Amino acid sequence: MKRKFKFDDYEVNIIIKALIELRNQLIAEGRYTDAVDEIILKLVP
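First, a word on scope: everything that follows refers to the structure included in this document. (Residues numbered from 1 in each chain as written. Predicted model: local features only at pLDDT ≥ 70, side-chain atom pairs only at ≥ 80, totals over all residues. Heavy atoms only, no water.)

Regarding the packing of aromatic side chains
Considering all chains together, one arrives at 1 aromatic pair under this definition. Between the aromatic rings of Phe 5 and Phe 7, the centroid separation amounts to 6.1 Å while the plane-to-plane angle is 20°, which identifies the pairing as stacked. The partly exposed category is assigned to Phe 7, whose relative accessible area is 42%. (Phe/Tyr/Trp six-rings, centres within 6.5 Å; stacked < 30°, edge-to-face > 60°. Buried < 20%, exposed > 50% of the residue type's maximum accessible area, 1.4 Å probe, protein only.)

See the structure below:
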């Protein structure tokens, strides 16, 4: 099931910052970041 959400610029910025923080944490733990990277790319215009 595919869902679409509408976010304003402020919300997108918060989400991206949270995902980048998660990505950095995964890198520090030596874990894969592929899934987070894909989501970030979908959110960046």
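Still more to cover.
Structural notes on the packing of helix α1 (residues 9-28) against helix α2 (residues 34-43)
At a minimum axis distance of 10 Å, the contact between α1 and α2 shows a crossing angle of 160°. By the angle class used here, α1 and α2 are roughly antiparallel. Taken as a pair, α1 and α2 cross one another with a handedness that is left-handed. Touching Val 12, Ile 15, Ile 16, Leu 19, Ile 20, Leu 22, Arg 23 and Leu 26 of α1 are Val 36, Asp 37, Ile 39, Ile 40 and Leu 43, all from α2. In terms of residue class, the contact of α1 with α2 is built from 11 nonpolar, no polar and 2 charged. (Axes fitted to C-alpha atoms, helices over the stretch in contact; angles between N-to-C directions. Helix = DSSP H or I, 4+ residues; strand = E, 2+ residues; numbered from the N terminus. Parallel < 35°, antiparallel > 145°, perpendicular 65-115°, else oblique. Left-handed = near helix turned anticlockwise from the far one by under 90°. Contact = heavy atoms within 4.5 Å. Nonpolar A, V, L, I, M, F, W, Y, C, P; charged D, E, K, R; others polar.)

As for the pattern of salt bridges
Scanning the entire structure with this criterion turns up 2 salt bridges. With a closest N to O distance of 2.5 Å, Arg 23 and Asp 37 form a salt bridge. Remark: Asp 37 occurs in helix α2 and Arg 23 occurs in helix α1; sequence separation between them is 14 residues. Asp 37 sits in the partly exposed class, given a relative accessible area of 21%. (Salt bridge = Lys/Arg side-chain N within 4 Å of Asp/Glu carboxyl O.)

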